[in-house]
Amino acid sequence: GKTLLAKATAGEAGVPFYFVSGSEFVEMFVGVGAARVRDLFKTARENAPSIVFIDEIDAVGKARQKGNFSGANDERENTLNQILVEMDGFTPSDHVVVLAGTNRPDILDKALLRPGRFDRHIDIDKPELEGRKAIFAVHLAKLKLSNKIFDLKNRLAALTPGFSGADIANVCNEAALIAARNDDTSVKLNHFEQAIERVIGGVERKSKLLNPEEKRVVAYHEAGHAICGWYFRYADPLLKVSIIPRGQGALGYAQYLPGDIFLLSEQQLKDRITMSLGGRVSEELHFDTVTSGASDDFKKVTNMATAMVTQLGMSPKIGWINYQKKSESDLTKPFSDDTGDIIDSEVQRIVNECYERCKKLLQEKAADVEKVAQLLLSKEVLTREDMIAMLGKRPFPERNDAFDKYLNESETKKLEDQEQDHKNTPPPATAE
């Protein structure tokens with residue numbers, strides 16, 4: 001999104017726009033990088049007002065080392081010094097606006113980020129629902145779409161929470177490829193749904209055949225997740241469950257639709273942990289022995305429970321202290337051994353409580369788990385409509401309005417009928 005934003009600025013600005021990449025300044029020969037910076041700013045000043053955009057500035061803007069340990073004349077530091085001087089030195093650079101983009105703002109030199117140089121810092125996050133609609137509108141314009149799809153961009157934006165702009169471009173590309181592969185003349189809604197699944201879960205592995213016993217285990221595992229997601233209030237609503245193996249080692253796959261939520265309560269986190277444990281608990285209840293299929297679930301559970309205790313202040317014994325490591329490479333523990341023991345016991349307690357809740361629910365709803373697993377074995381893919389037909393509507397109101405509006409078949413039909421009526425209504429007659 002950073003470079004796109006710069007392109008948009010270039011298009012709107014109506015002044016000369018100079019685009020350079022940070023790596024263009026990095027050269028083997030001494031003094032070349034600094035000379036290029038001088039030339040760039042000289043040209044920009046001569047053509048002022050103008051805009052300079054330096055993409056991936058971390059190539060030259062890394063924090064300078066304390067003391068020259070290498071003993072070498074570091075060319076990158078000379079280039080950085082020249083950028084600092086050009087941006088805020090003796091020579092005025094009025095009417096030259098400098099923009100820069102980077103994925104690593106944490107490693108940039110402090111002198112670059114101070115007021116007078118790059119004094120406005122804009123974080124580009126993943127887009128929310130409205131942002132996704134706008135991005136889909138851009139990429140869908142290039143595709144030949146089926147006329148039958150009503151309100152496509154809104155529907156796709158609702159289906160893709162947490163997607164970045166690049167993911168959205170990828171989905172549109174994949175959908176067109178799937179349509180071409182099926183010899184269709186236009187891209188239909190089911191092509192987009194398959195493309196979203198492919199981006200999230202990886203490609204379907206038709207050649208990877210599970211034996212019947214493994215297939216049963218995967219079906220009960222996914223049914224356990226699905227039932228937990230259906231009956232816990234704060235678990236994310238389920239969209240689709242499949243037991244077709246996918247790339248990246250996934251044997252089964254459940255797609256949920258989290259809303260754009262920015263704050264998570266303690267209960268929401270516990271519901272998510274409980275739902276992640278649903279697969280393993282379901283295996284325990286239905287088979288003599290458990291399998292290695294839940295390893296990814298345990299990773300998520302451990303991360304969430306540890307964050308609750310060490311970062312989010314949700315453990316009464318540890319209290320309101322943040323024990324997060326400063327960085328991955330930091331090998332020291334930010335707490336004593338005694339505190340480490342308490343943290344371990346608190347993480348264990350949270351996971352055990354969630355495990356008991358999960359077991360109790362799945363024992364109560366054993367008949368529902370059986371229904372979902374059997375239907376999965378016969379159909380391989382279940383949608384939200386299948387779940388509603390089997391279990392009735394979820395006992396909680398949906399937090400995500402877009403969900404009910406675009407993913408309910410009856411609602412969709414109503415919207416399509418309204419659209420059709422609107423097209424068939426003749427325009428009002430005007431008096432001559």
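Before going into details, it helps to say that this report is about the structure given with it. Every chain's residues receive numbers from 1 upward, in the order its sequence appears when written. The model is predicted, so local features are restricted to residues of pLDDT at least 70 and side-chain atom pairs to those at 80 or more, both for listing and for counting; the totals for chains, interfaces and linings are taken over all residues. Remark: hydrogens and water are excluded; side-chain values derive from all non-hydrogen atoms of the structure.

Below, the discussion takes up the environment of Asp 109. Numbering of helices and strands starts at the N terminus; helices are DSSP runs of H or I of at least 4 residues and strands are runs of E of at least 2. Here Asp 109 lies in the loop between strand 3 (96-101) and helix 5 (110-113). Separated by 47 residues in the primary sequence, Asp 109 and Lys 62 have C-alpha atoms spaced 5.4 Å apart. In what follows, a contact means two residues having at least one pair of non-hydrogen atoms within 4.5 Å. Apart from the residues within four sequence positions on either side, Asp 109 is in contact with Gly 61, Lys 62, Ala 63, Arg 64 and Leu 80. At 3.0 Å, the side chain of Asp 109 forms a polar contact with the backbone nitrogen of Ala 111. For the purposes of these results, a polar contact is taken to be a pair of N or O atoms within 3.5 Å, where, inside protein, one atom must be able to donate a hydrogen and its partner to accept one; residues adjacent in sequence count only when each atom of the pair is a side-chain atom.

Here we come to the pattern of salt bridges. Any carboxyl oxygen of Asp or Glu within 4 Å of a side-chain nitrogen of Lys or Arg constitutes a salt bridge here. Applying the stated criterion across every chain yields a total of 19 salt bridges. With a closest N to O distance of 2.8 Å, Arg 114 and Asp 88 form a salt bridge. With a gap of 26 residues between them, Arg 114 in the loop between helix 5 and helix 6 (129-140) and Asp 88 in the loop between helix 4 (75-87) and strand 3 connect regions that are remote in the sequence. Only protein chains enter the accessibility calculation, which uses a 1.4 Å probe; a residue is then buried when its area is under 20% of its type maximum, exposed when over 50%, and partly exposed in between. A residue is classified by how much of its surface remains accessible, and Asp 88, at 35% relative accessible area, is partly exposed. Of the charged contacts in the structure, one is a salt bridge between Arg 198 and Glu 174, with a shortest N-O distance of 3.7 Å. Here the residue Arg 198 occupies a position in helix 9 (residues 189-201), and Glu 174 occupies one in helix 8 (residues 165-181), the gap between them amounting to 24 residues. Residue classification places Glu 174 among the buried residues on the basis of a relative accessible area of 12%. A single network of salt bridges, built from pairs that share partners, joins Glu 266, Lys 270, Glu 346, Arg 349 and Glu 353.

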